[in-house]
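Listed below, chain by chain, are the residues.
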Amino acid sequence: MTSTEAPAITELDLPADDRVVTRHQVGHVYFIGLNRVPKRNAFDLEMRAELALAYGEMERADDIRVGVFYAHGDHFTGGLDMAKVGNALREGRGGIPEGGVDPRQLTGAQRRKPVVSATQGWCMTLGIELLLATDIRIAAEDAKFSQMEISRGIYPFGGATIRFPREVGWGNAMRYMLTAEPFGAAEALRMGLVQEVVPVGHQLQRAFEIAQLIAAQAPLGVSTTLTAARRAERDGERIAAEQLVPDMLRLLDTEDGAEGVTSFLQRRPAEFTGR
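Residues numbered from 1 in each chain as written. Predicted model: local features only at pLDDT ≥ 70, side-chain atom pairs only at ≥ 80, totals over all residues. Heavy atoms only, no water.

Caption draft 1: Structural context of the sheet that holds strand 8 (residues 183–184). Strand order in the open sheet made by the 3 strands is 5-7-8, with mixed pairing throughout. Strand pairing shows two members of the sheet lacking a second neighbour, strand 5 (122–124) and strand 8, which therefore form its edges. In terms of strand pairing, strand 7 (residues 144–146) meets strand 8 through 2 bridges, oriented antiparallel. Note on strand 8: the bridge partner recorded for Lys144 is Gly184. (Pairing = 2+ DSSP bridges. Helix = DSSP H or I, 4+ residues; strand = E, 2+ residues; numbered from the N terminus.)

Below, the structure is given as structure tokens:
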């Protein structure tokens, strides 16, 4: 299915329920939605745990190929609800529950499936760090970002010190992490924090369109691409280069590898199964 053939998706099509993190599957796409709207989707311990569990569910489901991470309401997230989680952090509580996958991708297993994120309104502190852990990021024109932990006497401890400089450049990252100054969608696009800016209300649909394009590709090829790119970041180019040909040969021996070659020779769209 191409992006032009994808059914329209809005938040109204993915109704909020009583869970603080909603889940909804459309075809091969898994929507994960923050849903603590009265608190601007600020994270308490329950929400942290539920988000990790949602990521785990996505990873384990054979018929899901890509995730879309978004938020209900007018704002993506106000970050951590420190009144709810401060003591828990001091006591070492609030870790990744059994069956969960760290949405920050700082500990435990690495995701095999890509995630496209869609943000609107305020996206603060942990919200930026969660976006940085996704693979493609879409922002509405009204999106506003703030990595302002130092203005509260702490610092960005959810991955921003690792990923923010890498994604947007040292000077750009330090400009906002060290001043706590907010910035808008246009600046996020200029720096490369987000890949597209769209009119308000269109961010979820655009993320879904991109997710559909990814879902149409060979799942094993997609996951191998993610793994290879992360290996280069983590272990360096030389080690990553050593695995390129072995990975390619492994993919050629799969059913999808054979389908890719056959469909090319027959000049037709490939139909991949993930095997």
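Structure shown, so let's carry the discussion forward.
Caption draft 2: Quick look at the pairing of strand 4 (residues 115–119). Most of strand 4 sits out of view: 5 of its 5 residues are buried. On strand 4, burial covers both faces: Val115, Ser117 and Thr119 on one face and Val116 and Ala118 on the other are all buried. As paired strands, strand 3 (residues 66–71) and strand 4 are joined by 3 bridges and run parallel to one another. Of the residues in strand 4, the one forming a bridge with Phe69 is Ser117. Pairing between strand 4 and strand 6 (residues 136–140): 4 bridges, direction parallel. Bridged to Val116 within strand 6 is Ile136. (Buried < 20%, exposed > 50% of the residue type's maximum accessible area, 1.4 Å probe, protein only.)

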